[in-house]
Amino acid sequence: MERFLRALVFAVAVATTPALAGDADHGKVLYEAYCTQCHGMNGDGGGINVRDMSVQPRNHTDPEEMAARTDDELVKVIKHGGKAIDKSVLMPAWDDNLSDEQVTDLVAYLRRLCCEQ
């Protein structure tokens, strides 16, 4: 029941927020290349770097937690790092590595990832 309520909260938040158009399948490939070391292969925040981190990475599979972030905030944190949205400085900026289209694809994948649980 709790899982259903979380999914419902996320669905309402997504339905009332204009979504960026992106290729979630390509975003998954990018996520696996750039994000899994910290956020984990499942996106739950349990990557291989976690044991050495003072701040734990975000759990991208939590619909409630992900609904609290707008697409614009996700773009900003991916491009400019955690400090850009007053989060962990351990989250690197990927602006020099990823194009705007790739960042949009990552956001599309994050939105799909948190609904799959």
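Whatever comes next refers back to the structure up there.
For every chain, the first residue of its written sequence is number 1, and the numbers climb from 1 along that sequence. This being a predicted model, a pLDDT of at least 70 is required before a residue's local features are given, and a value of 80 or more before pairs of side-chain atoms are given or counted; all residues contribute to the totals for chains, interfaces and linings. In computing side-chain values, all of the structure's heavy atoms are included and hydrogens and water are not.

Things to note about unusual backbone geometry
Inference 1: A positive phi is found at Asp86, a non-glycine position, where the angle reads about 60°.
Inference 2: Secondary structure elements are defined from DSSP: runs of H or I of at least 4 residues count as helices, runs of E of at least 2 residues count as strands, and each element is numbered from the N terminus. As for its placement among the helices and strands, Asp86 is situated in the loop between helix 5 (71–80) and helix 6 (100–113).
Inference 3: Here's how the labels work: a residue is buried when its accessible area is under 20% of the maximum for its type, exposed when over 50%, partly exposed in between, all with a 1.4 Å probe on protein chains only. The exposure class assigned to Asp86 is exposed, which follows from its relative accessible area of 73%.

Notes on the layout of surface pockets
In this approach, a probe sized like a water molecule rolls over the atoms, and the result shows the empty space that is left.
Inference 1: The way it works is a 1 Å grid over only the protein atoms, where trapped points that fit a 1.4 Å probe form a cavity and open points with protein on both sides within 12 Å along at least five of seven lines form a pocket, and then any residue with an atom within 4 Å of a point lines it. Grid points are joined across faces, edges and corners, and a volume is the space filled by probe spheres set on the points. Considering only enclosed or pocket space, the largest pocket measures out at about 470 Å³ in volume.
Inference 2: Along the wall of the largest pocket there are 25 residues; nearest its centre are His39, Arg58, His60, Val77 and Met91.
Inference 3: Elements that contribute at least two residues to the lining of the largest pocket include exactly helix 2 (24–34), helix 3 (36–39), helix 5 and helix 6.
Inference 4: Tallied by class, residues from the lining of the largest pocket come to 17 nonpolar, five polar and three charged. Any residue that is not Ala, Val, Leu, Ile, Met, Phe, Trp, Tyr, Cys, Pro, Asp, Glu, Lys or Arg is counted as polar, Gly included; the first ten are nonpolar and the last four charged.

Structural notes on the nonpolar core
Inference 1: If you look at the biggest cluster of nonpolar residues, it comprises 18 residues, and the most contacted ones within it are Tyr31, Ile78, Leu98, Leu106 and Leu110.
Inference 2: At the level of secondary structure, the elements contributing two or more residues to this core comprise helix 2, helix 5 and helix 6.
Inference 3: Here the element with the most residues in this core is helix 6; it accounts for six residues.
Inference 4: Here Leu106 is in contact with Gly27, Leu30, Tyr31, Cys35, Ile78 and Leu98, once residues within four sequence places are set aside. In plain words, nonpolar cores are sets of buried Ala, Val, Leu, Ile, Met, Phe, Trp, Tyr and Cys residues tied together by side-chain atoms within 4.5 Å. Every residue pair with non-hydrogen atoms within 4.5 Å of one another is taken to be in contact.

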